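# Observations on chain architecture
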Amino acid sequence: MDGNGRWAERRKRPRVIGHRAGARSVNLCIDFCLDHGIEALTLFAFSSENWGRPEEEVGALMKLFLNALEREVEELGRRGVRIRFIGERERFAPAIQDKMAAAEASTRSNRRLTLSIAASYGGRQDIAAAARALAQDVADGKLRPQDIDEAAMAARVALADLPLPDLFIRTGGDHRISNFLLWQLAYTELWFTETLWPELDAATLRRALDDYAQRERRFGLTGAQVAAPSDPSAE
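The structure presented is a predicted model; accordingly, all values stated were derived computationally and were not measured.

Looking now at the pattern of salt bridges. Tallied over the entire structure, the rule returns 22 salt bridges. R89 serves as the salt-bridge partner of E104, at 2.8 Å between the closest nitrogen and oxygen. Of this pair, E104 sits in helix α4 (residues 94-107) while R89 sits in the loop between β2 (81-86) and α4, and the two are 15 residues apart along the sequence. Here E104 falls in the buried class, since its relative accessible area comes to 16%. One salt bridge in this structure joins R215 and D211, with 2.6 Å as the shortest N-O distance. Taking the relative accessible area as the measure of exposure, R215 reaches 28% and is therefore partly exposed. Several salt bridges share partner residues, and in doing so they unite D2, R6, R170, D174 and R176 into one network.

Take a look at the structure:
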């Protein structure tokens, strides 16, 4: 969700105004997913690197984050949205951690849309945490080193209980993934737009889905293999 600060700067407003405007795009994305039957949405809200931003901006972001948790959770729960957080939540103030836990608990049984919010998150951090967990299992005698494979790692990274992402969308004009879901995005389709996050609309999301629908997802196979029927009796 990139471009909040630039959106504000172009209007000669403080960067925090851009972050407030960006909150509206979060609601738009959630509405779009609910309207189109999309069952999993992950938003990169605050990266592990974002802690290095100016203290005033980080403080304003934390206030916005807390206000959103207080204001939005009940309505999202009513609409069938399950909320979860990934990242190093222990870096947040206790009040925010408590609100995170409460949001997860109150929406745990919802199944219409799983909304995962990456906060104080980094893809390298995620993989390192998974490696530590596997190493601890080896040290405890629960796992042999030779049993560590891709499946074992995949079971320990964030979002392990969800299907791998189909589509990655980045606003703001940069063409990189910036340490987001490095493990999970291995075969995800990438889509970039110059649109700044606060300017996002349903038409932009529809263009992203239409572009995705035209792509051939081969997962290392040839186009002919993908096109061939999986069941010989179907010919």
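After presenting the structure, the write-up continues.
Here we take up the UniProt feature "binding site: Mg(2+)" (unreviewed entry) in the protein. In the numbering adopted here, UniProt assigns the feature "binding site: Mg(2+)" (unreviewed entry) to D2 and E189. Among the structural elements, D2 can be located in the segment before α1 (4-10). Apart from residues no more than four positions distant in its own chain, D2 is found in contact with R170, T171, G172, D174, T195, L196 and W197. Along the chain, the position of E189 falls in strand β5 (residues 189-192). For E189, a relative accessible area of 15% gives the class buried. Once residues lying within four places of it in the same chain are set aside, the contact partners of E189 are D166, L167, F168, Y212, R215 and R217.

On to the packing of helix α3 (residues 55-78) against α4. Interaxial distance between α3 and α4 falls to 10 Å at its minimum, and their mutual angle equals 15 degrees. Viewed along their axes, α3 and α4 adopt a mutual orientation that is roughly parallel. α3 and α4 meet at a crossing whose hand is left-handed. The segment α3 lies against α4, with M62, F65, L66, L69, E70, V73 and G77 engaging A95, I96, K99, M100, A103, S106 and T107.

Read from one edge of the open sheet, three strands run β1-β3-β2, paired in parallel fashion. Strands with a single pairing partner mark the edges of an open sheet, and in this sheet they are β1 (40-47) and β2. Across the sheet, the axes of successive neighbouring strands diverge by a mean angle of 20 degrees, strand direction being ignored. Strand direction decides the pairing type here: β2 and strand β3 (residues 113-121), joined by six bridges, are parallel. Within β3, the residue paired with V81 across the bridge is L113. Most of the contacts of α4 go to β2, to which it runs at about 145 degrees, and overall it touches β2 and β3.

What follows is about unusual backbone geometry. Non-glycine residue K12 carries a positive phi angle of around 55 degrees. Topologically, K12 is positioned in the loop between α1 and α2 (15-35). A residue is classified by how much of its surface remains accessible, and K12, at 79% relative accessible area, is exposed. Unusually for a residue other than glycine, S120 sits at a positive phi of about 55 degrees. With respect to the helices and strands, the residue S120 is situated in strand β3. Taking relative accessible area as the criterion, S120 reaches 0% and is therefore assigned buried.

Conventions we followed
Residues numbered from 1 in each chain as written. Predicted model: local features only at pLDDT ≥ 70, side-chain atom pairs only at ≥ 80, totals over all residues. Heavy atoms only, no water. Salt bridge = Lys/Arg side-chain N within 4 Å of Asp/Glu carboxyl O. Helix = DSSP H or I, 4+ residues; strand = E, 2+ residues; numbered from the N terminus. Buried < 20%, exposed > 50% of the residue type's maximum accessible area, 1.4 Å probe, protein only. UniProt positions renumbered as here; feature names shortened; annotations may be inferred. Contact = heavy atoms within 4.5 Å. Axes fitted to C-alpha atoms, helices over the stretch in contact; angles between N-to-C directions. Parallel < 35°, antiparallel > 145°, perpendicular 65-115°, else oblique. Left-handed = near helix turned anticlockwise from the far one by under 90°. Pairing = 2+ DSSP bridges.

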